[in-house]
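# Examining the three-dimensional arrangement
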Amino acid sequence: MDKLEINTFETEEEKEMEKKEKMKDDLRHFIEFLLNNRSSFLGEGQTAKVHFHTENPDLCFKIIGTRSAAGKQLPKPTIPITTTASPGSLEGQFNSLEKEGDFLNIIQDMRGNVIIPKAYAWAMHIHEDEGATYTNREELSIMLMERIHGPSLRNILEDDAVIPETFEPTTFFDSLRNFLRDMHERGIFHRDLHDGNIMIDEKTGKPVIIDFGKSALGREEDVYEFIYTDRGRSIEGLYHKDEAYVNEIEIKINTLIKERQHELK
Ligand SMILES: Nc1ncnc2c1ncn2[C@@H]1O[C@H](COP(=O)(O)OP(=O)(O)OP(=O)(O)O)[C@@H](O)[C@H]1O
Ligand SMILES: [Mg+2]
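Residues numbered from 1 in each chain as written. Chains lettered and ligands numbered in written order. Predicted model: local features only at pLDDT ≥ 70, side-chain atom pairs only at ≥ 80, totals over all residues. Heavy atoms only, no water.

## As for unusual backbone geometry
Trans peptide bonds make up the majority, and among non-glycine residues the majority have a negative phi. Phi is positive for Asp160, close to 65 degrees, though the residue is something other than glycine. Turning to its location among the elements, Asp160 is positioned in the loop between α3 (153–158) and α4 (169–185). Classification of Asp160 by relative accessible area gives exposed; the value is 64%. You will see that Arg191, though not glycine, has its phi angle at about 70 degrees, which is positive. On the secondary structure map, Arg191 appears in the loop between β7 (188–189) and β8 (198–200). (Helix = DSSP H or I, 4+ residues; strand = E, 2+ residues; numbered from the N terminus. Buried < 20%, exposed > 50% of the residue type's maximum accessible area, 1.4 Å probe, protein only.)

## Digging into the coordination of the magnesium ion (ligand 2)
The coordination sphere of the magnesium ion (ligand 2) contains the protein donors Asn197 (OD1) and Asp211 (OD), at a distance range of 2.1 to 2.2 Å. In this pair, Asn197 sits in the loop between β7 and β8 while Asp211 sits in the loop between β9 (207–209) and β10 (216–217), placing the two residues 14 residues apart along the sequence. (Donors = N, O, S within 2.8 Å, 3.2 Å for Na, K, Ca; no water.)

## Some details on the site of ligand 1
In the vicinity of ligand 1 there are 21 residues, among which Gln46, Ala48, Lys62, Ile148 and His194 approach most closely. Within the contact set of ligand 1, an oxygen atom lies 3.1 Å away from a backbone nitrogen or oxygen of Gly196. Among the secondary structure elements, those contributing two or more residues to the shell around ligand 1 are β2 (41–44), β4 (59–71) and β6 (134–146). Examining the composition of the shell around ligand 1, we find that 3 residues originate from one element, β2, more than from any other. (Near = heavy atom within 4 Å. Polar contact = N/O pair within 3.5 Å; in protein donor to acceptor, adjacent residues only side chain to side chain.)

## A short note on the environment of Arg186
Checked against the element boundaries, Arg186 lands in the loop between α4 and β7. A relative accessible area of 39% means that Arg186 is categorised as partly exposed. Residues Arg186 and Ile107, 79 residues apart in the sequence, show an inter-C-alpha distance of 9.4 Å. Once residues within four sequence positions are removed from consideration, Arg186 is found in contact with Ile106, Ile107, Asp109, Met110 and Leu217. In this structure the side chain of Arg186 is engaged in a polar contact, spanning 3.2 Å, whose partner is the backbone oxygen of Ile106. (Contact = heavy atoms within 4.5 Å.)

## Let's talk about the nonpolar core
Among the nonpolar cores identified, the biggest contains 36 residues, and Leu153, Phe173 and Ile209 are the most heavily contacted of them. Counting residues per element, the ones that place at least two in this core are α2 (97–106), β5 (119–130), β6, α3, α4, β8 and α6 (242–264). Ignoring anything within four residues of it in the chain, the contact list for Ile209 reads Val114, Ile115, Ile116, Pro117, Leu176, Phe179, Leu180, His190, Leu193 and Asn197. If you look at the next biggest cluster of nonpolar residues, it comprises 14 residues, including Met23, Leu59, Ala121 and Leu144. (Core = buried A, V, L, I, M, F, W, Y, C linked by side-chain atoms within 4.5 Å.)

Here it is as structure tokens:
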């Protein structure tokens, strides 16, 4: 069985049907492209892979895939089993790409000294193979979004990437902190702001915040709480305070800049 569902995000300025249809076509083409195993790899994290759009330099696709083999469904139990993730389970602690895209788009009006990539469309592709005793299920979730040109701070700290000439550390980290303060005032917390999720826009040197896959809406005193799984185990270190991370990264970047200057002498 193959099921493909494609949707676009609702934004005020982009309601023209034609543009949206184009986005859906782009996504449809990309899925075909991906299913044919052609490569246009840009980067990856723990959950997702990001590919660039081969015809449009300003677009990219974030892909999350899950594979599972499930036993055939038993007859309905007399006690109903809930299918939604219970608040304590690990499932539900990560955002779907649809939700991540919503986060990216609701803060677009704050874009200025800090850049947030725009989300354009998302798709869900489900493939099911029915065996005699098992059903193999593959889910592919894809988001079409604005592509950022420039390295992540992790690329610089760990992969020896060149620091763009436009980068000015004091301005960069001040802008980032101001932005986070405003974002938190709106009740939005990133919770996964490590060096791989902060990029530098090459052209302007401005910070870019990506990957709202663990972000949440809420009050500061609640959003960073440890989570408890169904078995009552607490998971520490799943979420990280946005500012604490930024301060740590700033120190590392400044140290690296000094080292590189020293090497040049
Ligand atoms: N909009 C974008 N433009 C260009 N490159 C991007 C973009 N979004 C992501 N990337 C690249 O792809 C990598 C992985 O993306 P992302 O951080 O969203 O994945 P993830 O699996 O959710 O990461 P994490 O391990 O932090 O959970 C990034 O570190 C970055 O190098
Ligand atoms: Mg990431």
